[in-house]
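Descriptive structure summary
Chain by chain, the residues run as shown.
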Amino acid sequence: MGVTKTDLFTEEQNELAKVAKVFAHPARIAILQYLIQSNTCINGDLVQELGLAQATISQHLRELKETGIIRGSIEGVSVNYCIDPVRWSEIQHLFETLFSGFPKIPGETCC
């Protein structure tokens, strides 16, 4: 696999690509949907909810946490996770900026 020349792209382009990569796995989407629905969770709940192994869930949670999409707090032997509302808003803005850049002209084709 080649090395990406991130210095050729804007900070926004690099950030959007990084976040898109994290969103590119269905298990992480399922985790996010569960967090949105429940507003908080315990790691063990995800194992039961998604039917994936604890180690797999932990790996996906780590990816989401490293990107700042979720944050966790330790309560006893459990870790509670939730979506970081500030980061979620930032990510929403990144995607809205990308999608809103396409002109909406009904009936027009690209070719």
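Below you will find a few notes about this structure. What you see is a predicted model, and the numbers here were worked out from it, not measured in a lab. (Residues numbered from 1 in each chain as written. Predicted model: local features only at pLDDT ≥ 70, side-chain atom pairs only at ≥ 80, totals over all residues. Heavy atoms only, no water.)

1. Topic: the packing of aromatic side chains
Applying the stated criterion across every chain, the model contains three aromatic pairs. Seen from their ring centres, Phe 23 and Trp 88 are 6.3 Å apart, and the 85° between their planes marks the pair as edge-to-face. Placement of Phe 23 in helix α1 (residues 11-23) and of Trp 88 in helix α5 (residues 85-100) is noted, with a sequence separation of 65 residues between them. Consider the rings of Phe 23 and Phe 95, whose centres lie 6.0 Å apart with planes at 50°: the pair is tilted. One end of the pair, Phe 23, is in helix α1; the other, Phe 95, is in helix α5, and 72 residues separate them in sequence. Ring pairs connect the aromatic residues Phe 23, Trp 88, Phe 95 and Phe 99, which therefore count as one cluster. (Phe/Tyr/Trp six-rings, centres within 6.5 Å; stacked < 30°, edge-to-face > 60°. Helix = DSSP H or I, 4+ residues; strand = E, 2+ residues; numbered from the N terminus.)

2. Describing the sheet that holds strand β2 (residues 70-75)
Taken in spatial order, the three strands line up as β1-β3-β2 in an open sheet, and their pairing is antiparallel. Each of the sheet's edge strands pairs with one partner strand only, and the pair in question is β1 (41-42) and β2. Bridge count for β1 against strand β3 (residues 78-83) is two bridges, and the pairing is antiparallel. In the sheet register, Cys 41 faces β3, and the bridge partner there is Tyr 81. (Pairing = 2+ DSSP bridges.)

3. As for α1
Helix length check: α1 (13 residues) gives 18 Å between terminal C-alpha atoms against 18 Å at 1.5 Å per residue, within 8%. Turning to α1, its buried residues number three or more, namely Leu 16, Val 19, Val 22 and Phe 23. Taken around the axis of α1, the buried residues stretch over an arc of 120°, which confines them to a single face. As for α1, its buried residues are in contact with α2 (26-38), α4 (54-66) and α5. (Expected span 1.5 Å × (residues − 1). Buried < 20%, exposed > 50% of the residue type's maximum accessible area, 1.4 Å probe, protein only. Arc of directions from axis to C-beta. Contact = heavy atoms within 4.5 Å.)

4. Focus on the pairing of β3
Along a regular strand, successive side chains alternate from one face of the sheet to the other. As paired strands, β2 and β3 are joined by six bridges and run antiparallel to one another. Along β3, the bridge assignment pairs Arg 71 with Cys 82.

5. Section: the pattern of salt bridges
Inspection of every chain in the model, using the stated rule, returns four salt bridges. Measuring nitrogen to oxygen at the nearest pair gives 3.3 Å for the salt bridge that ties Arg 87 to Glu 90. Placement of the pair is Arg 87 and Glu 90 together in helix α5, with a separation of three residues, close to one helical turn. For Arg 87, a relative accessible area of 13% puts it in the buried group. (Salt bridge = Lys/Arg side-chain N within 4 Å of Asp/Glu carboxyl O.)

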